[in-house]
Amino acid sequence: MKSTADRAIHFTRQRRLVLEILRESKGHLDAGTLLQKAKTRDAKISQATVYRALARLRDANLIRAERLGENHAHFEPVRDPLHHHFTCLKCGRVLEFRSPQVQKAVAAFAGREKLEITELRLELRGYCAACRPA
């Protein structure tokens, strides 16, 4: 699968900080949580600066925004290999998984139809083992 070319980005101190926090995070952070973490390192950073940094980093293909079953985005750094998400509808737990079979099927489809796929998102929603109804 091909991806869009990364756009050039000027790395301000604040953009570096936002990207660093996302890379250090074990989970998927929303903008509010990211702002709280950023303020512990730079008390002067504003909400507007964080939102602008997220937009620029996303435009440069350095981070990805995922909805994860909610009406606001959660952010994560773009990593290889491609992975997908399962979100528990009860507790909100997010599990990541990889599927070479999905990638193979998409590549076959793209080849057959002569498509250039620039993005692949597979989001599963349901109940984790702890939350499944009896």
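Structure shown above.
Attention in this report is confined to the structure presented alongside it. Throughout, a residue's number is its position along its own chain's written sequence, starting from 1. In keeping with the predicted nature of the model, local features appear solely for residues at pLDDT of at least 70, side-chain atom pairs appear and are counted solely at 80 or more, and the whole-chain, interface and lining totals rest on all residues. Hydrogens are left out, water is left out, and the side-chain values use all remaining heavy atoms of the structure.

**Focus: helix α1 (residues 13-24)**
Then, number 1: Between the first and last C-alpha of α1 there are 16 Å, a value that for twelve residues agrees with the 16 Å anticipated at 1.5 Å per step.
Then, number 2: Here the term buried applies to any residue with accessible area under 20% of the maximum for its type, exposed to any over 50%, and partly exposed to those in between, with areas from a 1.4 Å probe on protein chains only. Secondary structure elements follow DSSP: runs of H or I of four or more residues count as helices, runs of E of two or more count as strands, with numbering from the N terminus. Among all positions in α1, only Arg15, Leu17, Val18, Leu19, Ile21 and Leu22 are buried. A helix is expected to span 1.5 Å for every residue after the first.

**Let's talk about the pairing of strand β4 (residues 84-88)**
Put simply, side chains in a regular strand alternate between the two faces of the sheet.
Then, number 1: Taking burial as the measure, the five residues of β4 include five buried ones, the bulk of the element.
Then, number 2: Burial along β4 is two-sided: the residues His84, Phe86 and Cys88 and His85 and Thr87 are all buried.
Then, number 3: At least two DSSP bridges between two strands are required for those strands to pair. Examined bridge by bridge, β4 and strand β5 (residues 94-97) share four bridges and lie antiparallel to one another. Looking at β5, one finds that His84 is bridged to Phe97.
Then, number 4: Connecting β4 to the antiparallel partner β5 that follows it, the hairpin turn spans five residues, and Gly92 within it adopts a positive phi of roughly 85 degrees.

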